[in-house]
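Residue-level listing of the chains:
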Amino acid sequence: MLNAVEGEVESQPMCPSHPAREAVRTCERCGRYVCSWCEREGGQCRECSRQAALAVPDSRVRARRATWALGISAAITALSLPLGLWVVFGPEGGVDLDAMRVLYARLGIVSGVMDIAAQVFFLMWLHRVVRQLKAWGQDIGTSPAWAVAFWFIPFASLVKPYQIVKAIAEQVGGTFLAASLPLSLWWGTNILARLLNRMEQQTFDKAGTIEGAPASAGYAIGLGTTLCSVVTVVCCIQILRVIQEQLDRRRAGMEAPYTPLTEEDAPVAE
Ligand SMILES: [Zn+2]
Ligand SMILES: [Zn+2]
C-alpha cells in the first residue's frame, strides 16, 4: 500500500529512519513513511506505537499496594499459628478451650478481612498488568476483565488464575523466568488452604454438637490451613515482585530515546 505523493512518482518514497529502505506504507496515525522494519501493529510507525504503549498507566503503584496488603495479611494469619500449636501440643487440660476459641475466632475475622483486602489489591494489579501487556501487543489469551473474573467462577477458579499468571510470567520474562518462579507451590498451597479451611469449619461445627468430638482436631487442621496460607502469600509476593520488575524494565526501555534500527536489529523476515 503506497501513498506516493505527486511529484515523487519518479522516486520510490524512502523510510525516514532508514534512508536506504523503501517505504511500504504511511503510518495510520502520523502519516510518516514506514519501511517494513518500522511497521508496527495497526499500521503505525515505531514512534506512534511506542507512544500508544506508554499511554497505558503502569502497574507499579498497584504492585506496591498489593505487596503490603499481602504481607500484612500473612503476618496476621501467622499469629494464629502459636494459638493452634498450644491447643494441639500443649499440656492436657492446660488450655481453656472456650477462651481459646473466642480468641481464635476473632483473629480469624481480622485475618479474613485483611485477606479480602489483599485479594482485591492483587486483582487490581493483575487487571492492570494484563491491560499493559495487551497495549504492548502481547496476548496472554484473556482480557483484563476475564483475568479477574476467572477467580470467581466455580471450577474455572481452580485452574484459570494459575494459567493466566503463568502466561504473564512467560510473556514478560520467558519460559526460563517463569520456571524459576514458585508458581506450582503458590497455586498448590492455595488450593490446599481452601480445602483445609472448609474441613476446619466442618470440624468446629461438629465439635459443638457431637459428644466427644475433639475441638483440638479443628485446631490441628487449622495449623495446616495457616501454614498453607502463609506459604501461598509468600510465593504470591515473590511472583508479583518478579513480574513487576520485568514490566518496569520494559517500560524503562520504551521510555528511552528513539534509536533507529540498524541492520543487526532488523526483524527476522516473516
Ligand atoms: Zn506514526
Ligand atoms: Zn524504517
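Residues numbered from 1 in each chain as written. Chains lettered and ligands numbered in written order. Predicted model: local features only at pLDDT ≥ 70, side-chain atom pairs only at ≥ 80, totals over all residues. Heavy atoms only, no water.

1. Some details on the overall build of the protein chain
Right, on to step 1. If you tally the helices and strands in the protein chain, you get seven helices and two strands.
Right, on to step 2. Tracing the protein chain from N to C terminus, the helices and strands come up as β-β-α-α-α-α-α-α-α.
Right, on to step 3. Going through the 270 residues of the protein chain one by one, you find that 40% of them count as buried.
Right, on to step 4. Partitioning the intrachain contacts of the protein chain with sequence separation of at least 6 by distance along the chain shows that 61% fall at a separation of at least 24.
Right, on to step 5. Per element, the accessible surface of the protein chain, about 15,300 Å² overall, is 61% carbon and sulfur. (Helix = DSSP H or I, 4+ residues; strand = E, 2+ residues; numbered from the N terminus. Buried < 20%, exposed > 50% of the residue type's maximum accessible area, 1.4 Å probe, protein only. Contact = heavy atoms within 4.5 Å. Areas by Shrake-Rupley, 256 points an atom, 1.4 Å probe, with all protein chains shown as cover.)

2. Let's talk about the environment of L183
Right, on to step 1. Mapped onto the elements of the fold, L183 is located in helix α6 (residues 183–209).
Right, on to step 2. You can call L183 buried: its relative accessible area is 3%.
Right, on to step 3. Setting aside residues no more than four positions away along its own chain, L183 makes contact with Y162, V165, K166, A178 and I239.

3. So, the state of the cysteines
Right, on to step 1. Going through the model one piece at a time under the given rule, you end up with zero disulfides.
Right, on to step 2. Take C236: it sits in no disulfide, and the sulfur closest to it among the cysteines is that of C235, at 8.6 Å. (Disulfide = S-S within 2.5 Å.)

4. Quick look at the coordination of the zinc ion (ligand 1)
Right, on to step 1. Only C27 (SG), C30 (SG), C45 (SG) and C48 (SG) from the protein reach the zinc ion (ligand 1) as donors, at distances of 2.2 to 2.3 Å.
Right, on to step 2. Spacing between the donor residues of the zinc ion (ligand 1) along their common chain follows C-x2-C-x14-C-x2-C.
Right, on to step 3. Residue C27 is classed as buried on the basis of its relative accessible area of 4%.
Right, on to step 4. By relative accessible area, C30 is classed as partly exposed at 38%. (Donors = N, O, S within 2.8 Å, 3.2 Å for Na, K, Ca; no water.)

5. Quick look at the UniProt feature "transmembrane region" (unreviewed entry) in the protein chain
Right, on to step 1. Under the UniProt annotation, "transmembrane region" (unreviewed entry) lies at residues 68–89, 104–126, 146–164 and 176–196.
Right, on to step 2. Along residues 68–89 the backbone is 100% helical and 0% strand, and the end-to-end C-alpha distance reaches 32 Å.
Right, on to step 3. Helix makes up 68% of residues 146–164 and strand 0%, with an end-to-end C-alpha separation of 10 Å. (UniProt positions renumbered as here; feature names shortened; annotations may be inferred.)

6. What about the layout of surface pockets?
Right, on to step 1. Size it by volume and the largest pocket reaches roughly 1,100 Å³.
Right, on to step 2. What lines the largest pocket is a set of 39 residues, and nearest its centre among them are G112, D115, N197, T225 and S229.
Right, on to step 3. Contributions of two or more residues to the lining of the largest pocket are made by α2 (60–89), α3 (97–135), α6 and α7 (215–255).
Right, on to step 4. Take the lining of the largest pocket: its biggest share by element is 13 residues, from α3.
Right, on to step 5. Here the lining of the largest pocket is composed, by residue class, of 19 nonpolar, 15 polar and five charged.
Right, on to step 6. Its boundaries defined by the atoms lining it, the second largest pocket holds a volume of some 310 Å³.
Right, on to step 7. If you trace the second largest pocket, you find 14 residues lining it, with S49, A53, A135, W136 and G137 closest to the centre. (1 Å grid on protein atoms, 1.4 Å probe; cavity = no way out; pocket = protein on both sides within 12 Å on 5 of 7 lines; lining within 4 Å. Points joined across faces, edges and corners; volume = space filled by probe spheres on them. Nonpolar A, V, L, I, M, F, W, Y, C, P; charged D, E, K, R; others polar.)

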